[in-house]
Amino acid sequence: MTAPLTPPHQQPPDDDAWQDSAHPGPGPGAEGGPVAPVREEGTAMKAELRDAVIAAVAVAVTGVLLGLLWVWLAPRVPLVSDDKAVFLKDTEGEEAIGADGTFILLALGFGVVCAALVFLLRKRGGVPLVAGLAVGGLLGSWLAWRVGVWLGPTQDVVAAARAAGKGVVFDAPLKLNAKGALLAWPVAAMGTHLGLTALFAPRDPEPWPPTGL
């Protein structure tokens, strides 16, 4: 006589199925899953972008100081009037070139100093920070140029000649003839920061060799 068969709905639970339910695998939000590294990378990128924006704004604002120094240090171009026309007092003078050279030297110095300060504050800055330095340097150069023109001798040469009188020397407006000088600051900032990063930035630890070797 055979034993009665157990109905299907009363079958004992499968051991493998019970073990799977008792020990579920790590979900997408569990520790060690793929979500944590993605969140960390997103947070790091946001921090780098924030630092880049702050650096760009801070560097651009210092362009006012560059403009003031340019007005103070740039050589003046002497003009003279005979009541009919305005002429250069010294046709062989190099004051106009000197004004451009003064701007370039000051901009290079500002680029080096700004890049060094940013590197000291953010040694692990990446590409966004260098881009922020470049953008800030370009905006700072433009601001310095406009501030220098605004605070320098008047742009109305005719009015200045009339005010000075016939045969009296007066200063020509401050101009930046070589507009390429505006690139001196961002180029110096990027080069300095990249050089400091290559020499002094902290290095990532070397990976351990595989245990099987």
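Going by the structure above, here's the rest.
Now for a look at the structure at hand. (Residues numbered from 1 in each chain as written. Predicted model: local features only at pLDDT ≥ 70, side-chain atom pairs only at ≥ 80, totals over all residues. Heavy atoms only, no water.)

Note on placement: alanine 134 falls in helix α5 (residues 127–151). When the C-alpha atoms of alanine 134 and proline 186 are compared, they prove to be 4.4 Å apart, with 52 residues separating the residues in sequence. Here alanine 134 is in contact with Pro186 and Met190, once residues within four sequence places are set aside. (Helix = DSSP H or I, 4+ residues; strand = E, 2+ residues; numbered from the N terminus. Contact = heavy atoms within 4.5 Å.)

This part takes up a nonpolar patch on the surface. On the surface, a cluster of nonpolar side chains totalling about 520 Å² of accessible area is made up of Val64, Leu65, Leu68, Trp150 and Leu151. For the nonpolar patch, the secondary-structure elements that each account for two or more residues are α3 (63–73) and α5. In terms of residue count, α3 provides more of the nonpolar patch than any other element does, three residues in total. Checked against the element boundaries, leucine 151 lands in helix α5. (Patch = residues over 30% accessible without salt bridge, like charges linked within 9 Å, V, L, I, M, F, W, Y side chains within 5 Å. Areas by Shrake-Rupley, 256 points an atom, 1.4 Å probe, with all protein chains shown as cover. Salt bridge = Lys/Arg side-chain N within 4 Å of Asp/Glu carboxyl O.)

Bringing the nonpolar core into the picture now. The biggest cluster of nonpolar side chains holds 26 residues, and the ones touching the most others in it are Leu66, Trp70, Phe103, Trp145, Leu176 and Trp185. Elements that contribute at least two residues to this core include exactly α2 (35–61), α3, α4 (95–121), α5 and α7 (184–200). Element by element, the count of residues in this core is highest for α4, at eight residues. Ala160, Ala161, Phe170 and Ala172 belong to the second-largest nonpolar core, a separate cluster that totals six residues. (Core = buried A, V, L, I, M, F, W, Y, C linked by side-chain atoms within 4.5 Å. Buried < 20%, exposed > 50% of the residue type's maximum accessible area, 1.4 Å probe, protein only.)

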